[in-house]
Amino acid sequence: MTPTTASTPYKDTITTPSQPANSVINPEPIIAPAPLLPLSLPEVPVVVTPVSTFVEPILDVRADFADSCQIGHSGDHWFLLMVDKTTEYVSLYNTKTRSNPLALLKEYLTFTGRKIRYLRMDNAKEFHSEEMLAFCRDNGIIIQPVIAYNHTGMCRVESYIGVVKSNGRVGMLNANVSLCFHDNTVLDFCIKWNFTWYSQK
């Protein structure tokens with residue numbers, strides 16, 4: 001009698017499909033990650049500040065006193081003429097006395113808002129007082145003294161004084177006014193001279 005083996009009704013079996021012996025199983029396709037795109041930022045406008053090439057000219061001033069042809073109706077017997085050699089700007093200040101050019105120099109600096117680098121004056125004692133020298137030293141103004149009666153060294157301002165006086169007399173003659181208006185006519189000429197000079201540039 002042949003022994004029999006009890007059959008198990010439930011048996012784990014692995015079923016594989018029948019494949020040829022030379023077949024190759026294709027692996028799962030590898031998906032490469034998408035390349036990272038650059039982060040797009042909003043465009044920021046570039047503000048370019050213009051660089052000014054303007055160089056402020058150095059004030060190289062010549063100053064001298066001149067007497068009026070007649071005492072003005074305000075009592076002015078003198079005027080201080082200041083000429084900037086660099087820009088040919090002319091300033092005239094009528095005064096009753098020539099003993100205090102420092103006050104007129106301060107008035108010039110306040111009006112123009114500029115700093116004088118060089119100041120040429122003759123050897124008159126009022127131009128070289130202790131107050132005048134101290135003010136120029138404290139404000140970085142280099143004084144260029146000229147020996148007395150040397151009109152060549154002061155030729156620019158001396159020439160302007162002659163022009164201002166001549167045109168002042170012509171203006172009074174044409175207007176048929178008294179010579180006591182000399183202080184007004186020379187000041188009026190300097191204002192028109194500066195306007196005409198700069199209008200042609």
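Residues numbered from 1 in each chain as written. Predicted model: local features only at pLDDT ≥ 70, side-chain atom pairs only at ≥ 80, totals over all residues. Heavy atoms only, no water.

Peer 1: What should I look at first to understand the overall build of the protein chain in this one?
Peer 2: Of the regular secondary structure elements, the protein chain holds 4 helices and 5 strands. Tracing the protein chain from N to C terminus, the helices and strands come up as β-β-β-α-β-α-β-α-α. Sequence separation of 24 or more characterises 58% of the internal contacts of the protein chain that already satisfy a separation of 6 or more. Total accessible area computed for the protein chain in this model is approximately 14,900 Å², and 60% of it derives from carbon and sulfur atoms. (Helix = DSSP H or I, 4+ residues; strand = E, 2+ residues; numbered from the N terminus. Contact = heavy atoms within 4.5 Å. Areas by Shrake-Rupley, 256 points an atom, 1.4 Å probe, with all protein chains shown as cover.)

Peer 1: Hey, could you run me through the pairing of strand 4 (residues 116-121) in this one?
Peer 2: When a strand is regular, its side chains alternate between the sheet's two faces. Relative to strand 4, strand 1 (residues 59-67) is paired through 4 bridges, and the arrangement is parallel. Each residue of the ladder has a partner; that of Val61, found in strand 4, is Leu119. In this sheet, strand 5 (residues 142-145) lies alongside strand 4 in parallel orientation, the contact comprising 4 bridges. Bridge pairing in strand 5 links Arg120 to Gln144. Of the crossover connections in this fold, the one passing from strand 4 over helix 2 (residues 130-138) to the parallel strand 5 is right-handed. (Pairing = 2+ DSSP bridges. Right-handed = clockwise from strand over helix to strand, strands pointing away.)

Peer 1: Could you clarify how one ought to interpret the nonpolar core in this entry?
Peer 2: Soluble globular proteins tend to bury their nonpolar side chains together. Membership of the largest hydrophobic core comes to 21 residues, with the highest contact counts inside it found for Val61, Leu80, Met82, Leu105, Tyr108, Ile116 and Leu119. Put simply, the parts of the chain that give this core at least two residues each are strand 1, strand 2 (78-84), helix 1 (101-112), strand 4 and helix 2. Examining the composition of this core, we find that 5 residues originate from one element, helix 1, more than from any other. Setting aside chain neighbours within four positions, we find Ile116 in contact with Leu59, Val61, Met82, Leu105, Tyr108, Leu109, Gly140 and Ile141. Membership of the second largest hydrophobic core comes to 15 residues, among which are Phe79, Val146, Phe189 and Cys190. (Core = buried A, V, L, I, M, F, W, Y, C linked by side-chain atoms within 4.5 Å. Buried < 20%, exposed > 50% of the residue type's maximum accessible area, 1.4 Å probe, protein only.)

Peer 1: Is there a simple way to think about helix 3 (residues 155-175) in this case?
Peer 2: Residue pairs three or four apart in sequence face the same way in an α-helix, which turns once every 3.6 residues. The end-to-end C-alpha separation of helix 3 is 30 Å, in line with the 30 Å expected for 21 residues at 1.5 Å each. The complete set of buried residues in helix 3 reads Val157, Tyr160, Ile161, Val164, Lys165, Gly168 and Met172. In a view along the axis of helix 3, the buried residues occupy a sector of 135 degrees, so they form one face of it. Exposed residues lying more than 90 degrees from the buried face of helix 3 are Leu173 and Asn174. Among the structural elements, strand 1, strand 2, strand 3 (90-95) and helix 4 (182-199) are those in contact with the buried residues of helix 3. Note on helix 3: the residue one or two positions beyond its end, Asn176, has a positive phi of about 55 degrees. (Expected span 1.5 Å × (residues − 1). Arc of directions from axis to C-beta.)

Peer 1: Can you help me understand the confidence of the model for the protein chain in this one?
Peer 2: When pLDDT drops low, the exact placement of atoms in the prediction is not to be read closely. In this model, the protein chain carries a mean pLDDT of 79, and residues with pLDDT of at least 70 account for 71%. Note on residues 10-15: pLDDT under 50 across the span, and 0 contacts to partners over four residues away in sequence or across chains. (pLDDT = per-residue confidence, 0-100.)

Peer 1: Quick question: what am I supposed to make of the side chain of Asp84 here?
Peer 2: Along the chain, Asp84 falls in strand 2. Buried and unpaired, Asp84 has no salt bridge, with Arg114 as the nearest side chain of opposite charge at 5.4 Å. Among residues more than four places away in sequence, those in contact with Asp84 are Ile58, Leu59, Asp60, Val61, Tyr89 and Tyr108. (Lys, Arg positive; Asp, Glu negative; His and termini not counted. Salt bridge = Lys/Arg side-chain N within 4 Å of Asp/Glu carboxyl O.)

Peer 1: Would you explain helix 2 in this entry?
Peer 2: Of the positions making up helix 2, those classed as buried are Met132, Phe135 and Cys136. In an axial view of helix 2, the angular spread of the buried residues amounts to 95 degrees, which keeps them on one side of the axis. Exposed side of helix 2, more than 90 degrees from the buried face: Glu130, Arg137 and Asp138 are the residues found there. Each element contacted by the buried residues of helix 2 is listed here: helix 1, strand 4 and strand 5. Positive backbone phi, at 70 degrees, marks Gly140, one or two positions downstream of helix 2.

Peer 1: How do you make sense of the environment of Asp60 when you look at a structure like this?
Peer 2: Relative to the elements of secondary structure, Asp60 occurs in strand 1. Accessibility expressed as a relative area gives 13% for Asp60, which makes it buried. C-alpha of Asp60 to C-alpha of Lys115: the two residues are 55 residues apart in sequence and 9.7 Å apart in space. Those residues in contact with Asp60, other than ones at most four positions away along the chain, are Val83, Asp84, Lys85, Thr86, Tyr118 and Gln144. One polar contact links Asp60 to Arg62, side chain to side chain, over a distance of 2.6 Å. (Polar contact = N/O pair within 3.5 Å; in protein donor to acceptor, adjacent residues only side chain to side chain.)

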